[in-house]
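# Topology and contacts: notes
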Amino acid sequence: MSIQQNSRLRIVLASSEAVPFSKTGGLADVAGALTGALSHAGHEVTLIIPDYTPLRQGKAGVPEVHDTGLQFTIDMNGRPMTGSVHWALYPQTDARVLLVKQPVYFDRGQPYGDVAGAYGDNSERFCFFSRAVPEICRRMVLRPDILHCNDWQTGLIPALLNTHYAKLGGFERTASVMTIHNMAYQGAFGKSDMPLTGMHPGFYNPSHMEAWGHLNLLKTGLAFADQLTTVSPTYASEICTQEGGCGLDGLLRWRKSALTGILNGIDTHVWNPATDPVLQAGFSVDNWQDGKARCKAHLQQRLGLADNPAAPLFAMVSRLVDQKGLDLIAAIAGSLLARQVQLVFLGTGDRYYEHLLQETAQRYPGQVSVTIGFDESLAHQIEAGADLFLMPSRFEPCGLNQMYSQRYGTVPIVRQVGGLADSVIHYDGTADSLKTATGFVFANYSAAGLSAAVDQALTAWQDSTVWNRLVQNGMRCDWSWDRSAGKYVEVYRRALGQVLQRRAENRL
Ligand code: ADP
Ligand code: GLC
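Residues numbered from 1 in each chain as written. Chains lettered and ligands numbered in written order. Predicted model: local features only at pLDDT ≥ 70, side-chain atom pairs only at ≥ 80, totals over all residues. Heavy atoms only, no water.

Assigned secondary structure in the chain consists of 19 helices and 20 strands. Relative to its length of 508 residues, the chain is compact, with a C-alpha radius of gyration of 23 Å against a globular reference of 23 Å. In terms of principal-axis extent, the alpha carbons of the chain reach across some 70 × 45 × 45 Å. Taken across its 508 residues, the chain has 60% of its residues classed as buried. By sequence separation, contacts in the chain at least 24 residues apart represent 72% of the contacts at least 6 residues apart. Carbon and sulfur atoms form 50% of the exposed surface of the chain, whose accessible area is close to 20,500 Å². Placing the 43 positive and 46 negative side-chain charges of the chain at their respective mean positions leaves the two points 6 Å apart. (Helix = DSSP H or I, 4+ residues; strand = E, 2+ residues; numbered from the N terminus. Rg over C-alpha atoms; globule rule 2.2 N^0.38 Å. Buried < 20%, exposed > 50% of the residue type's maximum accessible area, 1.4 Å probe, protein only. Contact = heavy atoms within 4.5 Å. Areas by Shrake-Rupley, 256 points an atom, 1.4 Å probe, with all protein chains shown as cover. Lys, Arg positive; Asp, Glu negative; His and termini not counted. Charge placed at Lys NZ, Arg CZ, Asp CG, Glu CD.)

Structure representation (structure tokens):
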């Protein structure tokens, strides 16, 4: 069934975090920027997120939030839980944000956990959120063409649409799309949590909601959604293999024809070295040296590093988890630091990595700086002040920092995996490759692989003509959302076509 190619779509995006309201990682950047890009493309967009009230209050850039007056109650396994809906305009767009307020579940300072670890009631919290989304759409008569779900926290939604809400009506023309941002987080819980989902217990089976003896909310979304996407073409292939599928590769191979890899974009207004308000000096592709040098000097001073313009400054801004390749960095740190480079880390995560990095900083004062915490303006200053950015990830669905780095004239060193492979072009030392290269890419997950890439980078650093070209190639890349948002719209139209086709067939 064909859908008019230029018709305006009514899109509801559901996400457990979105900038500027809340952020723990790239999902928040993507949910926010995609909302803006789809709205700018002329679609009617509603973003639905949980309202982590203490997290957004007083936060820079958060728009004014109003009460809609709508309240709804969901029976959470015999416990009636009432939520309310607040709204805001998404900054600089016509898109609307609906914030799901439920003080017991969401009045917390962090979305998923605190220093003691993940919250024990996460399955209940996000089952509530997932059940709230179609209920709010029904009560507000939103009648979306597309319900776009993101990660396990919203995985239940496509299942509810195809079952409970299919019977209630109001969603006859609604298609669901499920986006995987990271297969490593699946929302796997005990079978005893099944009543929280509001789904018939019969769906606890390997074709629908059960995987490897657990209720699996990501799998639920992958089994029920009309179309599936993930955040880079290479990751789309990797997750269909046993090595990259985290136990769900069989299902993904089965649904391969419905799976599309779409590379994330970045918000080029928020991440713009020419206008970024937190930088010491702005700079642009044709005149980056002076501005970047001032940003570097400011960063060295702010972080207590030696004031040395000639020392290549390597940086990393990251969740400190196994995924990010910190063990490789630890393995080469000694030999790297012997080469008079400087190292800057900003991150939070596993205690083990936090301590490891802090110990390194203590051993190399003035040469290594480690900031444990979440600091968005420092992240911008690091992107601007560093010379090289490290992302030796074990796996990486997309990764955003390698794109921010290129835009800020910071040359990335990445592993050839997932979205990193799709967004950094390797410089192999030849004049031909210098025409397009934007960084250094190594294949094997090993200290030797990373070390060889660092060697290549430090050789290139010594030649200012080569370095200038690498920086400029990266700064000229277009990472804006416009192209990727268009690809999502293609997927949306495909999903809607499927739904309308099914309806037509059922009528016959
Ligand atoms: P992931 O989503 O796996 O964490 P991405 O590269 O897609 O990885 O996105 C990470 C985002 O979170 C980037 O915008 C990065 O700048 C930001 N970020 C990560 N850790 C911190 C931190 N400690 N402080 C500020 N920003 C951070
Ligand atoms: C995930 C991935 C990261 C990706 C982000 C946004 O957290 O780890 O690679 O960029 O989601 O899609």
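Picking up after the structure, the text goes on.
Time to look at the sheet that holds strand β12 (residues 214-216). If you walk across this open sheet you meet the 3 strands as β10-β12-β11, and the pairing is antiparallel. Of all strands in the sheet, those bounded by a partner on one side alone are β10 (188-189) and β11 (210-211). (Pairing = 2+ DSSP bridges.)

The strand order across the open sheet built from 6 strands is β17-β16-β15-β18-β19-β20, with neighbouring strands paired in parallel fashion. Both edges of this open sheet fall to β17 (368-372) and β20 (440-442), since each of them pairs with a single strand only. Ignoring strand direction, the axes of neighbouring strands in this sheet form an average angle of 15°. Where strand β15 (residues 313-320) meets strand β16 (residues 342-349), 8 bridges bridge the pair, whose relative direction is parallel. Note on β16: the bridge partner recorded for Leu313 is Gln342. Packed onto the sheet, helix α10 (residues 289-303) meets β15, β16 and β17 and runs at close to 60° relative to β15. Here helix α11 (residues 326-337) sits on the sheet and contacts β15, β16, β17, β18 (388-391) and β20; the angle it forms with β15, its principal contact strand, is near 160°. (Axes fitted to C-alpha atoms, helices over the stretch in contact; angles between N-to-C directions.)

Often, the extent of an interface is quoted as the loss of accessible area upon association of its parts. Examined at the domain level, the chain breaks down into domain 1 (10-265 + 482-507) and domain 2 (288-477). Distance between the C-alpha centres of domain 1 and domain 2: 33 Å. The partner domain 2 presents 19 residues to the 20 residues of domain 1 that form the contact. Counting the surface lost from both domain 1 and domain 2, the interface buries some 1,400 Å², and carbon and sulfur atoms represent 58% of this. When the area that domain 1 buries against domain 2 is broken down by residue, the three leading residues are Lys23, Thr234 and Leu263, summing to 26%. On inspection of domain 1 and its partner domain 2, the count reaches 1 salt bridge. Residue Glu376 is joined to Lys59 by a salt bridge in which the shortest nitrogen-to-oxygen separation is 3.7 Å. Between the two partners, domain 1 and domain 2, sit 7 residue pairs in polar contact (both at pLDDT 80 or more). For the side of domain 1 that touches domain 2, the secondary structure elements donating two or more residues are α1 (26-40) and α8 (233-238). Take the side of domain 1 that touches domain 2: its biggest share by element is 4 residues, from α8. Partitioning the side of domain 1 that touches domain 2 into residue classes produces 8 nonpolar, 8 polar and 4 charged. (Domains from an automatic or database assignment. Buried area = accessible area lost by both parts, 1.4 Å probe. Salt bridge = Lys/Arg side-chain N within 4 Å of Asp/Glu carboxyl O. Polar contact = N/O pair within 3.5 Å; in protein donor to acceptor, adjacent residues only side chain to side chain. Nonpolar A, V, L, I, M, F, W, Y, C, P; charged D, E, K, R; others polar.)

Formed by 88 residues in total, the largest nonpolar core has its most connected members in Phe314, Ile413, Phe440, Leu470 and Tyr492. Counting contributing residues, this core receives three or more from each of domain 1 (10-265 + 482-507) and domain 2 (288-477). Core analysis: the second largest hydrophobic core is formed by 62 residues, Tyr112, Phe126, Ala159 and Cys240 among them. (Core = buried A, V, L, I, M, F, W, Y, C linked by side-chain atoms within 4.5 Å.)

On to the packing of aromatic side chains, then. Counted according to the given criterion, the structure contains 19 aromatic pairs. Ring geometry for Tyr105 and Phe128: centres 5.1 Å apart, planes at 50°, overall tilted. Separated by 23 residues along the polypeptide, Tyr105 in helix α3 (residues 103-106) and Phe128 in helix α4 (residues 122-139) bring together distant segments of the chain. The pair Tyr105 / Phe128 is uniform in exposure class, with both members buried. Centroid distance Trp271 to Tyr408: 5.8 Å. Interplanar angle 70°. Geometry classified as edge-to-face. Within this pair, whereas Trp271 is found in the loop between β14 (259-261) and α10, its partner Tyr408 is found in the loop between α14 (401-407) and β19 (411-415), the two being separated by 137 residues in sequence. Neither Trp271 nor Tyr408 differs from the other in exposure class; each is buried. Feature note: the residues Tyr52, Phe72, Tyr105, Phe106, Tyr112, Phe126, Phe128, Phe129, Trp152 and Phe189 constitute an aromatic cluster, connected by ring pairs. One residue, Arg108, lies across the ring of Tyr119, its end atom 4.6 Å from the ring centre. (Phe/Tyr/Trp six-rings, centres within 6.5 Å; stacked < 30°, edge-to-face > 60°. Lys NZ or Arg CZ within 6 Å of the ring centre and 35° of its normal.)

Per the stated rule, a full pass over the model turns up 19 salt bridges. Two residues, Asp387 and Lys296, come together in a salt bridge whose shortest N-O distance is 2.6 Å. One end of the pair, Asp387, is in the loop between α13 (376-385) and β18; the other, Lys296, is in helix α10, and 91 residues separate them in sequence. Each member of the pair, Asp387 as well as Lys296, is classed as buried. Close ionic contact of Arg394 with Asp327 constitutes a salt bridge, the shortest N to O distance being 3.1 Å.

In the region of ligand 1, 20 residues are neighbours, and Gly26, Asp29, Arg319, Lys324 and Gly373 sit closest. In the model, a nitrogen atom of ligand 1 is placed 2.7 Å from a nitrogen or oxygen of the Gly373 main chain. In this structure, Asn401 approaches ligand 1 through a side-chain N or O atom, which is 3.2 Å from an oxygen atom. Here ligand 1, which alone exposes 560 Å², has 94% of that area covered by the protein. Secondary structure elements with two or more residues in the shell around ligand 1: α1, β15, β16 and α14. Top contributing element to the shell around ligand 1 by residue count: β15, with 3 residues. (Near = heavy atom within 4 Å.)

What follows covers the environment of Gln358. Counting through the fold element by element, Gln358 comes out in helix α12 (residues 351-363). In this structure Gln358 comes out as partly exposed when scored by relative accessible area, which is 32%. Distance in space between the C-alpha atoms of Gln358 and Thr371 is 8.3 Å, their sequence separation being 13 residues.

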